[in-house]
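Residues per chain, in single letters:
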Amino acid sequence: MQVSFVTGNSGKFAEAEKILKHFGVNILHRDLSIDEIRSDSIEEVASASARFAHAELKEPLFVEDSGLFIPSLNGFPGAYSAWVFRKLGNEGILELAAGKEAEFRACIAYTDVSVAETFTGLVKGKVPEEIRGTGGFGYDPIFIPEKTPEVRHSGEKTFAEAPEMKEALSHRKRALEKFGKYLEKR
Ligand code: IMP
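In every chain, residue numbers begin from 1 and rise along the written sequence. Where totals are concerned, whole chains, interfaces and linings use all residues; where local detail is concerned, this predicted model gives features only for residues with pLDDT of at least 70, and gives and counts side-chain atom pairs only at 80 or more. For side-chain calculations, the full set of non-hydrogen atoms in the structure is used, while hydrogens and water are omitted.

This paragraph deals with the site of the ligand. In the vicinity of the ligand, 16 residues are found, and the nearest of them are K12, S66, D140, K166 and R172. The backbone of S66 places a nitrogen or oxygen atom 2.9 Å from an oxygen atom of the ligand. The side chain of H171 places a nitrogen or oxygen atom 3.2 Å from a nitrogen atom of the ligand. Protein contact buries 85% of the 480 Å² of open area that the ligand shows by itself. Among the elements of the structure, β3 (61-69), α3 (81-97) and α5 (171-185) are those that each provide at least two residues to the shell around the ligand. Strands here are runs of E lasting at least two residues and helices are runs of H or I lasting at least four, both read from the DSSP assignment and numbered beginning at the N terminus. Among the elements that take part in the shell around the ligand, β3 stands out by supplying four residues, more than any other. Counted by class, the shell around the ligand contains five nonpolar, five polar and six charged residues. We call a residue near a molecule or strand whenever a single non-hydrogen atom of that residue lies within 4 Å of it. Contacts described as polar in this section are N or O atom pairs within 3.5 Å, which, within protein, must combine one atom able to donate a hydrogen with one able to accept it, while residues neighboring in sequence count only if both atoms come from side chains. Only the protein chains shown count as cover for residues, and the accessible areas themselves come from Shrake-Rupley with a 1.4 Å probe. Charged means Asp, Glu, Lys or Arg here, nonpolar means Ala, Val, Leu, Ile, Met, Phe, Trp, Tyr, Cys or Pro, and polar covers whatever is left, Gly included.

For the rest of this paragraph, the subject is the side chain of S49. Note that S49 resides in helix α2 (residues 42-57). Under the scheme applied here, a residue whose accessible area is under 20% of the maximum for its type counts as buried, over 50% as exposed, and between as partly exposed, the area being computed with a 1.4 Å probe on protein chains only. S49 sits in the buried class, given a relative accessible area of 7%. When checking whether two residues touch, look at their non-hydrogen atoms; a contact exists if any pair is within 4.5 Å. Sequence-distant contacts of S49, defined by excluding residues within four places in its chain, comprise I34, D35, E36 and V63.

Another aspect to go through is the pairing of β3. Of all the nine residues making up β3, nine are buried; the element is thus mostly covered by neighbouring parts of the structure. Across the two faces of β3 the burial is the same, with L61, V63, D65, G67 and F69 and F62, E64, S66 and L68 all buried. Paired strands, as defined in this entry, are two strands with at least two bridges between them according to DSSP. Examined bridge by bridge, β3 and strand β4 (residues 101-111) share nine bridges and lie antiparallel to one another. Residue pairing across strands places E64 opposite I108, the latter belonging to β4.

The next subject is the layout of surface pockets. Note on definitions: the grid is 1 Å and covers protein atoms alone; a cavity is a set of points where a 1.4 Å probe fits but cannot get out; a pocket is an open set with protein on both sides within 12 Å along at least five of seven lines; lining residues have an atom within 4 Å of a point. Grid points are joined across faces, edges and corners, and a volume is the space filled by probe spheres set on the points. Estimates place the volume of the largest pocket at around 930 Å³. Along its surface, the largest pocket is lined by 36 residues, and K12, E36, D65, S66 and A82 are the ones closest to its centre. Secondary-structure elements contributing two or more residues to the lining of the largest pocket are α2, β3, α3 and α5. At six residues, the largest contribution of residues to the lining of the largest pocket is made by β3. When grouped by side-chain class, the residues that make up the lining of the largest pocket number 16 nonpolar, ten polar and ten charged. A volume near 280 Å³ is recorded for the second largest pocket. Every residue lining the second largest pocket is counted, 15 residues in all, and those nearest its centre are E15, K18, I19, K166 and E167. Elements with a contribution of two residues or more to the lining of the second largest pocket: α1 (10-21), α4 (163-169) and α5.

Remember that the coordinates give geometry; whether it matters functionally is a separate question.
Given below as structure tokens:
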């Protein structure tokens with residue numbers, strides 16, 4: 001089975017390619033510039049982007065939207081994570097949320113002529129007291145995933161300190177696996 005992944009981010013593409021291969025899915029990279037709607041919901045943002053991309057490309061495709069959600073700040077920065085990261089960076093989020101619970105979420109929206117489906121992956125954790133680690137990107141240095149017994153360093157290190165831990169339990173991986181299972185059955 002072949003589907004297109006519409007993204008400008010080659011890191012996201014490489015991760016999706018690796019995971020979806022396990023489900024017998026081959027993906028094509030489409031770097032198409034599409035308008036993003038403004039909404040508090042990553043599911044709505046991803047679904048609208050998938051619709052816009054499908055109107056243009058007319059082939060089975062998916063897009064992904066993700067963000068960091070801090071429940072005590074009503075989900076901020078959430079769907080605005082990319083913009084907030086550019087404005088405040090990790091230092092700004094630490095000032096607002098050091099020590100607080102947080103979660104990463106990723107939503108994949110898939111569209112072809114007859115269906116529109118979303119798949120959300122989530123990883124719960126917390127914001128440390130300081131920026132830690134140099135791996136990964138974005139908010140990785142300020143996110144410690146909650147303890148998962150079988151995953152080394154979970155509950156202690158940030159995603160940026162332990163990239164192999166991120167690979168094992170990321171929100172994006174979880175969303176991609178749900179999507180892969182769905183495609184396998186189609
Ligand atoms: P978008 O899905 O490309 O719009 O990105 C959302 C923003 O959320 C990114 O720019 C990052 O700041 C943040 N983000 C999403 N996923 C991750 C992750 O795995 N690690 C760190 N930051 C992330």
